[in-house]
Protein chains: 2
Amino acid sequence: MNDKGLLIVLSGPSGTGKGTIVKKLLEKNSTCLSVSMTTRTPRVGEEEGKSYFFVSRETFLEKVEQGKMLEYAEYNGNFYGTPREFVEQKSAAGQDVILEIEVQGALKVKSACPDAVMVFIMAPNMQELKNRLVMRKTEDEQTIQNRMNIAKRELEKADQYDYIVINDTVDKAAEDILAIIGAEKCSKKRREKFINEVKKQC
Amino acid sequence: MNDKGLLIVLSGPSGTGKGTIVKKLLEKNSTCLSVSMTTRTPRVGEEEGKSYFFVSRETFLEKVEQGKMLEYAEYNGNFYGTPREFVEQKSAAGQDVILEIEVQGALKVKSACPDAVMVFIMAPNMQELKNRLVMRKTEDEQTIQNRMNIAKRELEKADQYDYIVINDTVDKAAEDILAIIGAEKCSKKRREKFINEVKKQC
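Bear in mind the structure is a predicted one, so any value in this text is a computation, not a measurement. The numbers attached to residues start from 1 for each chain and follow its sequence in the written order. The order in which chains are written sets their letters, starting at A; the order in which ligands are written sets their numbers, starting at 1. Residue-level local features of this predicted model are given only where pLDDT is at least 70; pairs of side-chain atoms are given and counted only at 80 or more, and the full residue set underlies all totals for whole chains, interfaces and linings. Side-chain calculation: all heavy atoms of the structure are included, whereas hydrogens and water are not.

Once that is clear, we can look at the pairing of strand β6 (residues 78-83) of chain A. All names here are of chain A. Partly exposed describes any residue whose relative accessible area lies between the buried limit of under 20% and the exposed limit of over 50%, with all areas from a 1.4 Å probe on protein chains only and scaled to the type maximum. In this description a helix means any DSSP run of H or I spanning at least four residues, a strand means any run of E spanning at least two, and both kinds are numbered starting from the N terminus. For β6, a buried count of 5 out of 6 residues is recorded, marking the element as mostly surrounded by other parts of the structure. Inspection of the sheet shows strand β3 (residues 37-38) paired to β6 by 2 bridges, in the antiparallel sense. Bridging across to β6, Met37 finds its partner in Gly81. For two strands to count as paired, DSSP must find a minimum of two bridges between them.

This is how it looks when you write it as C-alpha cells:
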C-alpha cells in the first residue's frame, strides 16, 4: 500500500522565519520543496526545475486556462505560480511536498487541493515579529510598518488554517511541523483505505 | 500562558498491543495515565490512587448521579469508571492524560469531553491480530474467535475516532501517538487563545 504523500502549505507573516524552518525541515525529513513556475528570465546560477520552471508567458497562461496551476499571481510584470503536476507527481510517489507561500496564494491552494495540510506560522507575539523585521536590517522603517500592517491582515485569515505553529525556536517549530506531518498520516480521513481493506478481511 | 493538557483516549481491539504502547508512551513522554474508580475490593499490592480509586457502591453511584464520571460500566457485579475530576485536575495543570479504554467506553468519553483526542489502535491486518491473540497463549480457540468477532464490531466504530494508529512496531506506534499529541497542540482550535491574544497586540 503506497500511501500518497502530503502537500504541506506553510505561510504566515513576513519575519516569522518560514524560510529557516523550511531549510530545517528539508534537512530532517524526506520532504521536498515545491518548485514554482515563472515567466521571468532566469538569473545567473538559477537552474531549470530547481530554482523555478522557466516558461514563456504563452505557456504559463495556457497552463492557467487548463487548470494546471494551483495558484498564480503577477508581480512586476512577471507571472509566478504553483504547477499542479509537480505536486501531484511527488505525492503519487509517496513524497511529502512543502509549499512555502504567502497567505493569499495559500488560500487559493486550499481551494484547489482540499486535502492540503494548512500550517500558519507566527512569531510568539507582535513585538517579537517587529524585532525580527528590524534585526534583518534590510528594510527601512516605512517598509517594516507596511509589513506589520500586512501581518495584521494575514492574522485575520489564520482561522482558515488547520494548524498554527509558533516559531519561538526554529528547532521546536520544525519539530511541530514534523509532528503535524506524522499525525496527519494517521488522521481518520487518510486511513479510510486501510480501514476499508481491513474490513474486507473480516 | 499555561496551556491545558490533552485527554488522549486510546482504544481498539484486544490484541492490538495497546498496553505495550501505553507503557512506551509513559517512558518517553510527560503524559500520565488516567486512574479508574472501582467498587471492587483492592487486591494484594494494589495502591489507592495508583491502581484504582477504591470506593463504596454508594459513593460510586453518587458520583454517577452528580455527573462526575466520564463513563462507567458494571463487570461481574462491580462498577468501573473514569472519574472526571482526575482528568480535569491534570489537564488544568498542563499535563496530558492517557486513557486506555474499550471502544464503547471511549465513545461515551467522547460525548462527555468533545475535546478529547480519539485514537483507534489497530493491528496491520486481521490475520496479524489473530496471530497476536494466539501468541498470548492465554485464551482458548473459542475465546479467540469471540475476540475476533468483537474486533469486527469495533472496527465499525473506527470512523468515530480522530486518528487510526497502525501498530506494526510498538516504537513506530508510540512515535505516531507522540506526533498526534504534538500536532493537536498546534491545531487551530487549541490555538484560539493565542491568536486572540496576538490580535489584541495589533
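Now for the interface of chain B and chain A. Here, two residues are considered to be in contact whenever any of their heavy atoms come within 4.5 Å of each other. The partner chain A presents 31 residues to the 31 residues of chain B that form the contact. Buried area is a sum: the accessible area each of two parts loses on coming together, probed at 1.4 Å, counted once for each and added. Of all residues in chain B, Ile164(B), Lys188(B) and Phe194(B) bury the most surface against chain A, accounting for 20% of the area lost on that side. A side-chain nitrogen of Lys or Arg and a carboxyl oxygen of Asp or Glu constitute a salt bridge if their distance falls within 4 Å. The closest approach of N and O atoms between Lys199(A) and Glu156(B), which form a salt bridge, is 3.8 Å. In protein, a polar contact requires one atom able to donate a hydrogen and another able to accept it; more generally it is a pair of N or O atoms within 3.5 Å, and residues adjacent in sequence count only if both atoms are side-chain atoms. Where chain B meets chain A, there are 10 residue pairs in polar contact (both at pLDDT 80 or more). Of all the secondary structure elements, the ones that give two or more residues to the side of chain B that touches chain A are α6 (141-155), β9 (163-166), α7 (170-186) and α8 (192-200) of chain B. No other element matches α7(B), which puts 6 residues into the side of chain B that touches chain A. Counted by class, the side of chain B that touches chain A contains 19 nonpolar, 4 polar and 8 charged residues. Each residue is assigned to one class: nonpolar for Ala, Val, Leu, Ile, Met, Phe, Trp, Tyr, Cys and Pro, charged for Asp, Glu, Lys and Arg, and polar for all the others, Gly among them.

Residues and elements named next belong to chain A. In this fold, Leu6 is placed in the segment before β1 (7-11). Distance in space between the C-alpha atoms of Leu6 and Met122 is 22 Å, their sequence separation being 116 residues. For Leu6, the residues in contact, after removing those within four places along its chain, are Gln95, Asp96, Val97, Val117, Ile181, Glu184, Lys185 and Arg190.

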